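Now for the letters of each chain:
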Amino acid sequence: MIDQLLIKTEIDNCDVPDANLLVTEDDTPVDNLASAKQQRLLVGSLYSSLQNQIFLAEANVGVYHTYGEPAIFPDVFVSFDVQTPDNWWEKQNRCYLVWKFGKSPEVVIEIVSNREGAELDKKLQIYEKMRVSYYIVYDPHQNLGEDILRIYTLQGRRYIETTNNWLEDIGLGVTLWTGEFEGRNDSWLRWCDQNGNVLLTGDERAKNAEARAQLLAEKLKALGVDPDSI
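Note on numbering: residues in each chain are counted from 1, in written sequence order. Residues qualify for local features only when their pLDDT is at least 70, as the model is predicted, and side-chain atom pairs are given and counted only at 80 or more; totals for whole chains, interfaces and linings, by contrast, use all residues. No hydrogens and no water enter the side-chain calculation; it runs on all heavy atoms of the structure.

Student: Tell me about the confidence of the model for the chain, residues and numbers included.
Tutor: The predictor rates its confidence in each residue with pLDDT, a number between 0 and 100. Per-residue pLDDT for the chain averages 86, and the proportion of residues at 70 or more is 86%. Under a pLDDT of 50 for its full length, residues 1–11 has, in the predicted model, 24 contacts with residues more than four places off or in other chains. Throughout, a contact is declared for two residues whenever any of their heavy atoms are within 4.5 Å.

Student: Quick rundown of the side chain of glutamate 204? Include the residues and the values.
Tutor: Tracing the sequence through the fold places glutamate 204 in helix 5 (residues 202–222). Since its relative accessible area comes to 16%, glutamate 204 is described here as buried. Whenever two N or O atoms come within 3.5 Å, that pair is a polar contact, provided that in protein one can donate a hydrogen and the other can accept it, and provided that, for residues adjacent in sequence, both atoms are side-chain atoms. For glutamate 204, the side chain forms a polar contact with the main-chain nitrogen of threonine 201, separated by 2.9 Å. Sequence-distant contacts of glutamate 204, that is, excluding residues within four places in its chain, are made with Trp177, Arg190 and Leu199. The helix count covers DSSP runs of H or I at least four residues long, the strand count covers runs of E at least two residues long, and both are numbered beginning at the N terminus. Exposure categories follow from relative accessible area, calculated using a 1.4 Å probe and restricted to protein chains: below 20% of the type maximum is buried, above 50% is exposed, and the middle band is partly exposed.

Student: Can you lay out the packing of aromatic side chains for me, pointing to particular residues and giving the numbers?
Tutor: Two rings belonging to Phe, Tyr or Trp (six-membered ring only in the last case) form a pair when the distance between their centres is within 6.5 Å. Interplanar angles under 30 degrees mark stacking, angles over 60 mark edge-to-face geometry, and anything in between is tilted. Tallied over the entire structure, the rule returns eleven aromatic pairs. Considering the side-chain rings of tyrosine 67 and tryptophan 99, the 5.3 Å spacing of their centres and the 80° angle between planes classify their relative orientation as edge-to-face. Taken together, the residues span a long stretch of sequence, with tyrosine 67 in the loop between strand 4 (63–64) and strand 5 (76–80) and tryptophan 99 in helix 3 (residues 98–101) at a distance of 32 residues. When its relative accessible area of 25% is taken as the criterion, tryptophan 99 is described as partly exposed.

Student: Give me the pattern of salt bridges: which residues, what numbers.
Tutor: By convention in these notes, a salt bridge is any Lys or Arg side-chain nitrogen within 4 Å of a carboxyl oxygen on Asp or Glu. For the coordinates displayed, the defined rule picks out nine salt bridges. Two residues, lysine 129 and glutamate 69, come together in a salt bridge whose shortest N-O distance is 3.7 Å. Taken together, the residues span a long stretch of sequence, with lysine 129 in helix 4 (residues 122–130) and glutamate 69 in the loop between strand 4 and strand 5 at a distance of 60 residues. For aspartate 186, the salt bridge is made with arginine 184, and the minimal N-O distance between the two is 3.9 Å. Each of Lys37, Arg40 and Glu182 takes part in a single network of salt bridges with overlapping partners.

Laid out in structure tokens, this is it:
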């Protein structure tokens, strides 16, 4: 099977998997509505908040990590200093090929919805082997035990579980937050800064800007100035 997947590159005369033979998508829908919303919150807030950084954040996109082995599909992954290729509809650009991007993602997040996902054994071992710097398991309904949030950091060749929610190497943290997202008031996993302030979505930024504009208008009116005349 491995031999069938390999082609020889002209540049470095080495064998790499032929992307045309890889299963880059299988049209399987996301497993539940709650996970889909949580994924959008994590991915969307990064793109609205880290506009000056180069990175790739995706949900349920296949990551090919080892020759001859099937892809793994993280609920969310973040890889810094890489970008989506311009010709992203080409077969080899429709998933994350570690050998093509030249690195593994820095962060992988798995959202637990049942006890069948192998988040604490098989998936952990794969991400550890991939040398993903941070592996986060979010278990909102405590299917796997008492811990809602488990954070693993790579030390040497092995993961060490930590209670520190600040991911020093990437300058981001994670936190549990209760509030409304897309019309749903619930508890969510969110990115945060070192002070614990959550990274805002585009909608939240727009609402904050609107509230500031309204406050300014009220202050101008109190001073006898018509804000519409400015």
